[in-house]
Amino acid sequence: MRMKHMAGAALFLALTLGAGCDFNSERGRVILEISYPSGYVRDCYTWEDTAPVEGAQYRLETERAENFKETRRYDIRILTQDGQMIYQYPGAGFSVVRGELEETEAGEDHEKVWIVSENWDTPHYSGYISGGLKESILLEIDMKTGEIRTQRNLGENELFLTSVKGRCYFYSCGQKGQEKLGGLWKVPGSKARIYCRDQEDWEEERVYEFDYELEPEFEEHVLQGRLRFSFEGAGLVVSRDSEVSADREEKSGESEAYPKIRVPFGAEQEEHEGQGIDAGGGNTASGDRSGGYVFAGMSDLSERGPGRPGVLYLKGAGADF
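In short, a report on the structure.

The rules behind each value
- Residues numbered from 1 in each chain as written.
- Predicted model: local features only at pLDDT ≥ 70, side-chain atom pairs only at ≥ 80, totals over all residues.
- Heavy atoms only, no water.
- Buried < 20%, exposed > 50% of the residue type's maximum accessible area, 1.4 Å probe, protein only.
- Helix = DSSP H or I, 4+ residues; strand = E, 2+ residues; numbered from the N terminus.
- Pairing = 2+ DSSP bridges.
- Axes fitted to C-alpha atoms, helices over the stretch in contact; angles between N-to-C directions.
- Phe/Tyr/Trp six-rings, centres within 6.5 Å; stacked < 30°, edge-to-face > 60°.
- Lys NZ or Arg CZ within 6 Å of the ring centre and 35° of its normal.
- Core = buried A, V, L, I, M, F, W, Y, C linked by side-chain atoms within 4.5 Å.
- Contact = heavy atoms within 4.5 Å.
- Polar contact = N/O pair within 3.5 Å; in protein donor to acceptor, adjacent residues only side chain to side chain.

1. With respect to the pairing of strand β1 (residues 31-35)
Here comes step 1: A large share of β1 lies buried, amounting to five of its five residues.
Here comes step 2: Of the two faces of β1, both are covered, the one formed by Ile31, Glu33 and Ser35 as well as the one formed by Leu32 and Ile34.
Here comes step 3: Bridge count between β1 and strand β17 (residues 222-232): five bridges; the pairing is parallel. Each bridged residue has a counterpart across the sheet, and for Glu33 the counterpart in β17 is Arg228.
Here comes step 4: Two elements, β1 and strand β2 (residues 41-42), share two bridges in a ladder whose sense is antiparallel. Within the sheet, the bridge partner assigned to Ile34 lies in β2 and is Arg42.

2. Some thoughts on the sheet that holds strand β5 (residues 74-80)
Here comes step 1: Spatially, eight strands are ordered β6-β5-β4-β3-β7-β8-β9-β10 in an open sheet, and the strand pairing comes out mixed. The outermost strands of the open sheet, each flanked by one partner alone, are β6 (85-93) and β10 (148-154). Strand-to-strand twist in this sheet, taken as the mean axis angle between neighbours without regard to direction, amounts to 20°.

3. Topic: the sheet that holds strand β12 (residues 167-172)
Here comes step 1: In space, the four strands of this open sheet follow the order β11-β12-β15-β16, with antiparallel pairing throughout. Each of the sheet's edge strands pairs with one partner strand only, and the pair in question is β11 (158-164) and β16 (204-209). Taken over all neighbouring pairs, the strand axes of this sheet differ in orientation by 25° on average, direction set aside.

4. Here we look at unusual backbone geometry
Here comes step 1: Positive phi is not limited to glycine here, since Lys165 has a value of about 50°.
Here comes step 2: Mapped onto the elements of the fold, Lys165 is located in the loop between β11 and β12.
Here comes step 3: Lys165 sits in the exposed class, given a relative accessible area of 57%.
Here comes step 4: Backbone geometry at Trp202 places phi at a positive 60°, although glycine is not the residue there.
Here comes step 5: Note that Trp202 resides in the loop between β15 (193-198) and β16.
Here comes step 6: With relative accessibility at 14%, the residue Trp202 sits in the buried group.

5. Describing the packing of aromatic side chains
Here comes step 1: Here the structure, examined in full by the defined rule, presents 15 aromatic pairs.
Here comes step 2: An aromatic cluster of at least three residues, connected via ring pairs, comprises Trp114, Phe160, Phe170, Tyr195 and Trp202.
Here comes step 3: Across from the ring centre of Phe218, 5.2 Å away, lies the NZ or CZ of Arg240, which sits over that ring.

6. Digging into the nonpolar core
Here comes step 1: Counting residues in hydrophobic clusters, the biggest one holds 37 residues, and the most contacted among them are Leu159, Tyr171, Phe210, Phe229 and Leu236.
Here comes step 2: For this core, the secondary structure elements donating two or more residues are β1, β11, β12, β15, β16, β17, β18 (235-244) and β20 (261-264).
Here comes step 3: Top element by residues in this core is β17. It accounts for four residues.
Here comes step 4: The contacts of Leu159, once residues within four sequence positions are left out, are Leu32, Ile34, Arg98, Glu118, Trp120, Tyr128, Leu133, Tyr169, Phe170, Tyr171 and Phe229.
Here comes step 5: By size, the runner-up hydrophobic cluster in this structure holds 17 residues, among which are Val53, Ile137, Leu139 and Ile141.

7. What about the pairing of strand β8 (residues 112-120)?
Here comes step 1: Within β8, eight of the nine residues are buried, which leaves the element mostly enclosed by the surrounding structure.
Here comes step 2: Sheet topology places strand β7 (residues 96-101) next to β8; six bridges connect them, and they run antiparallel. Within the sheet, the bridge partner assigned to Val97 lies in β8 and is Ser117.
Here comes step 3: Here nine bridges tie β8 to strand β9 (residues 133-142), and the two strands are oriented antiparallel to one another. Note that in β9 the partner of Trp114 across the bridge is Glu140.

8. A look at the side chain of Ser130
Here comes step 1: Mapped onto the elements of the fold, Ser130 is located in the loop between β8 and β9.
Here comes step 2: Classification of Ser130 by relative accessible area gives buried; the value is 1%.
Here comes step 3: One polar contact links the side chain of Ser130 to the main-chain carbonyl oxygen of Leu214, over a distance of 2.4 Å.
Here comes step 4: Those residues within four positions of Ser130 in sequence are excluded, and the remaining contacts are Arg27, Gly28, Val30, Leu32, Cys173, Leu214 and Glu215.

Here it is in structure tokens:
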């Protein structure tokens, strides 16, 4: 029996090596950064005991649940600024957590917050490496009662960005196509994309599709690439940043070689509704230019018709990344 097990293990190893399999091949190297208007930044180097709730006077804390060994879950606590606990949710999420205040609807007299807790497979980092997000749990909480109004279990590499007027926005890095078991099993690749989900039906609606899989490429002299998601005005801006080797004259920082992408929200979204060309990915060589931006129309993947959630426009001379 022992020899049979050893033979099986040897066969598995041979197949794995023969396929050139890397157990971490689905994880990239590019850093993901979320930069909030308050100045708070979350990336792979963020190690802290508590995290702020953007736009509110609360902080978030996680601790291993009592049954952690069985569930791998964490308790989530909402605290005051001075560390006093307001609400606790046993076993409600994962260790890496962040949150934001939800925009209040007309007539509402109490606050609601969005909290996302994330489970990352990123050894030596505090998450936020492209391809390393295993799963997340997204909660909408009524701060008057402590009630969990919405709970969504998010899939692999479904990175929550923000919520605006009933729509939750996400980034997916996609995945590279792979061949396993000596080419007998082929896994198709998929492009990175930004998309949103309406709270009412949770159907995915594409906002923008990038022209890369897993992570964008950087020049050879770049030591560390970074994909930054920041919030400017009534929109989301996606930009690339890099650190270069010591023998290069360029300094670290955003480069004009990597044009920014802007996703408008709310009134700004409606202002640019329907302008320009399809934002289906690939290089944008034409389109309506206004204020230094190229406007690109959106292709809606739901059955609710074209034109939602709006448009995306590219800064620069029509370049895409």
